[in-house]
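Here is how the chains run, residue by residue.
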Amino acid sequence: MAVIRLVVMGAGGHAREVLDVLESLPEGPARERTKVFAEPGSTAEAAAALVRERGYGLVDALPEDASHYLPAVGDPALRRRFVTLAEGRGLEPVQAVSPLSTVPEAVREVPGLVVLPRSHISTAVALGRHCHLNTGCSLSHDGRLGDRVTLGPGVLLAGGVVVEDDAVLGVGAIVLPGRRIGRGAVVGGGAVVVHDVAPGTTVAGNPARPLGPG
């Protein structure tokens, strides 16, 4: 069997949470020479030190012997850049799905999927590439997430919700049935979305409304 040499891309708090998930898996590529890529100039030394303390090799360039990768950053734009960098080197994506979450087999192998503990994905939900679901998220039936969607801790999506590429939903956001969150939109923490959110819009509050200038 070929050895999988994984590089986790990111060294901040979210990356350490992803490493927790990888370490919790009973077996698989996470245990095969995992290294952590810390982008030069963008990783705080304190965060890097915490990664080193856990025994991971910290590198500032993608290792020549890497075969697989997993972006571990919350920002969709940075995640997209990491994907482009890794795939330009011919690396293959892996997943980090916590065994303490409920994830249907139909979506478990989506490239780059990250699911932290105590999240639940219901029936007939479709996920795009490199989605990140933080702790305690709930996705109800017939929903769809685009590529690189980020759900903060405790996000609740009711049935039939569509979240387009690169959208970010903050801690505890709630989206009511059948709503659509546009590409690149941001939903603030604790917001309750009762209407569709236009692409590129930032909304907050209950009910959620677009934030004006200033």
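A quick note: this is a predicted structure, and the numbers were derived from the prediction, not measured.

## Remarks on the overall build of the protein
Thought 1: Broken down by element type, the protein carries four helices and 22 strands.
Thought 2: What you see for the protein is a C-alpha radius of gyration of 17 Å, in line with the 17 Å of a compact globule of 214 residues.
Thought 3: In terms of its C-alpha atoms, the protein occupies a principal-axis envelope of roughly 50 × 40 × 30 Å.
Thought 4: Counting every position in the protein, which comprises 214 residues, the buried fraction comes to 46%.
Thought 5: Of note, the protein has its 20 positive side-chain charges centred 3 Å away from the centre of its 22 negative side-chain charges.

## Quick notes on the side chain of His-68
Thought 1: Position of His-68 among the secondary structure elements: in strand E4 (residues 68-71).
Thought 2: Of the residues examined, His-68 reaches a relative accessible area of 17% and is grouped as buried.
Thought 3: Non-local contacts of His-68, meaning those with residues more than four positions away in its chain, are made with Ile-4, Arg-5, Leu-6, Val-7, Leu-91, Glu-92, Pro-93 and Val-94.

## Things to note about the pattern of salt bridges
Thought 1: Overall, the coordinates contain twelve salt bridges when judged by the stated rule.
Thought 2: We note a salt bridge from Glu-105 to Arg-108, for which the minimum N-O separation is 3.5 Å. Of this pair, Glu-105 and Arg-108 are both found in helix H4 (residues 105-108), three residues apart, which corresponds to roughly one turn of the helix.
Thought 3: Accessibility expressed as a relative area gives 62% for Glu-105, which makes it exposed.
Thought 4: Here Arg-108 falls in the partly exposed class, since its relative accessible area comes to 22%.
Thought 5: Between Arg-148 and Asp-166 there is a salt bridge whose closest N-O contact spans 2.6 Å. Placement of the pair is Arg-148 in the loop between strand E12 (144-145) and strand E13 (150-151) and Asp-166 in the loop between strand E15 (162-163) and strand E16 (168-169), with a sequence separation of 18 residues. With respect to burial, Arg-148 and Asp-166 carry one shared label: buried.
Thought 6: Connected through salt bridges with shared partners, the residues Arg-80, Arg-148, Asp-165, Asp-166 and Arg-183 form a single ionic network.

## Some points on the sheet that holds E16
Thought 1: If you trace the eight strands from one edge of the open sheet to the other, you get E6-E7-E10-E13-E16-E19-E21-E22, paired in mixed fashion. The sheet terminates laterally at strand E6 (96-97) and strand E22 (209-210), the two strands that pair on one side only.
Thought 2: As judged from the two bridges shared by strand E21 (residues 202-204) and E22, these two strands associate in the antiparallel manner. Paired with Val-203 across the two strands is Pro-210, which belongs to E22.

## A few points about the sheet that holds E15
Thought 1: Here we have four strands laid out as an open sheet, ordered E9-E12-E15-E18, and parallel in their pairing. Since the sheet does not close on itself, it has two edges, and those belong to strand E9 (126-127) and strand E18 (180-181), each with one partner.
Thought 2: Sheet analysis places E9 next to E12, joined by two bridges and oriented parallel. Looking at the pairing, Ala-126 lines up with Arg-144 of E12.

Rules used throughout
Residues numbered from 1 in each chain as written. Predicted model: local features only at pLDDT ≥ 70, side-chain atom pairs only at ≥ 80, totals over all residues. Heavy atoms only, no water. Helix = DSSP H or I, 4+ residues; strand = E, 2+ residues; numbered from the N terminus. Rg over C-alpha atoms; globule rule 2.2 N^0.38 Å. Buried < 20%, exposed > 50% of the residue type's maximum accessible area, 1.4 Å probe, protein only. Lys, Arg positive; Asp, Glu negative; His and termini not counted. Charge placed at Lys NZ, Arg CZ, Asp CG, Glu CD. Contact = heavy atoms within 4.5 Å. Salt bridge = Lys/Arg side-chain N within 4 Å of Asp/Glu carboxyl O. Pairing = 2+ DSSP bridges.

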